[in-house]
Amino acid sequence: KRVILVGPPGCGKGTQSPILKDEYCLCHLATGDMLRAAVAAKTPLGLRAKEAMDKGELVSDDLVVGIIDEAMKKPSCQKGFILDGFPRTVIQAEKLDAMLEKQGTKVDKVLNFEIADSILEERITGRWIHPASGRSYHTKFAPPKVPGKDDVTGEPLIQRKDDNAEVLKSRLEAFHKQTKPVIDYYTSKGITVNLHAEKSPKDVTSEIMKAVS
Ligand code: AP5
Ligand code: ZN
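A brief report on the enclosed structure follows.

Analysis parameters
Residues numbered from 1 in each chain as written. Chains lettered and ligands numbered in written order. Predicted model: local features only at pLDDT ≥ 70, side-chain atom pairs only at ≥ 80, totals over all residues. Heavy atoms only, no water. Near = heavy atom within 4 Å. Polar contact = N/O pair within 3.5 Å; in protein donor to acceptor, adjacent residues only side chain to side chain. Helix = DSSP H or I, 4+ residues; strand = E, 2+ residues; numbered from the N terminus. Disulfide = S-S within 2.5 Å. Contact = heavy atoms within 4.5 Å. Salt bridge = Lys/Arg side-chain N within 4 Å of Asp/Glu carboxyl O. Buried < 20%, exposed > 50% of the residue type's maximum accessible area, 1.4 Å probe, protein only.

## Some remarks on the site of ligand 1
Line of reasoning, step 1. Near ligand 1 you find 33 residues, and of these Thr 15, Glu 57, Arg 88, Arg 127 and Arg 171 are the closest.
Line of reasoning, step 2. Contact between ligand 1 and Gly 10: an oxygen atom at 2.8 Å from a main-chain N or O atom of the residue.
Line of reasoning, step 3. The element that contributes the greatest number of residues to the shell around ligand 1 is helix α2 (residues 31–40), accounting for four residues.

Following this line, the structure appears as structure tokens:
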């Protein structure tokens, strides 16, 4: 299976993708997680991406397409993949199509996490993450077993630098202007499935399982 998860900041992509990954043993690529790791490690890529990320703007197409192109060469990504947060512009979508066409494959399903903007601020400002794994928690909706600690490793949880109301506004603007057209692009190919992302995490998971089965 070759699946794309698309939706605004806080819609639940990062919460749902590990479940899908475990169910189907797919390679899971989240450009946001990969970029944050590069920023933390101060690699040349991270240094180039940091400013846009801190402002809630998109990183250049060339940088992210480069990351995905490299990551997709892994043997584990040949059988199938879940892309979380990519493609986010029509140019990225076209580049991905071209990349897959060379391998004689294509995207099977695009899961569109539909949700009202008004719900997202509470989700974003209450989120805590385990940076090493990308696991997310929420003070109200998904609290960790021990406050402030990752359930699996016991390591401390942190808040993302861009998870505040101010930067969220730019992230939402980028979503509406640059990423909505990506959804239209895939809808015109007939492979988009719309999800009710405002429902509980469990309900969203069952909608996803139905959509990809
Ligand atoms: P990225 O990391 O992709 O951030 P995002 O798209 O803004 O999405 P989030 O990670 O904020 O939300 P999510 O949908 O994963 O939500 P989650 O499941 O954690 O990108 C960050 C930045 O990197 C971008 O701004 C850009 O600069 C750059 N970038 C990345 N990819 C790029 C690309 N392709 N091109 C250019 N630039 C790129 O859930 C949120 C919270 O809600 C959690 O606390 C969770 O516990 C809770 N929650 C989840 N589901 C539910 C539910 N159903 N009910 C209640 N609470 C829930
Ligand atoms: Zn995410």
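## Concerning the state of the cysteines
Line of reasoning, step 1. Across all of its chains, the model carries one disulfide by this definition.
Line of reasoning, step 2. Cysteine Cys 11 remains unbridged, with the sulfur of Cys 27 as its closest cysteine sulfur at 19 Å.

## Description of the side chain of Asp 97
Line of reasoning, step 1. Mapped onto the elements, Asp 97 comes out in helix α5 (residues 90–102).
Line of reasoning, step 2. Contacts of Asp 97, omitting those with residues within four sequence positions, involve Val 107, Tyr 185 and Lys 189.

## Re the pattern of salt bridges
Line of reasoning, step 1. Across all of its chains, the model carries 16 salt bridges by this definition.
Line of reasoning, step 2. When the shortest N-O distance is used, the salt bridge between Glu 57 and Lys 55 registers 4.0 Å.
Line of reasoning, step 3. Looking at Glu 57, the relative accessible area reads 44%, which means it is partly exposed.
Line of reasoning, step 4. Looking at Lys 55, the relative accessible area reads 41%, which means it is partly exposed.

## Observations regarding the side chain of Gln 92
Line of reasoning, step 1. Residue placement: Gln 92 occurs in helix α5.
Line of reasoning, step 2. We classify Gln 92 as buried; its relative accessible area is 3%.
Line of reasoning, step 3. At 2.9 Å, the side chain of Gln 92 forms a polar contact with the side chain of Asp 61.
Line of reasoning, step 4. For Gln 92, the contacting residues outside a window of four places in its chain are Asp 61, Val 64, Val 65, Phe 86 and Pro 87.

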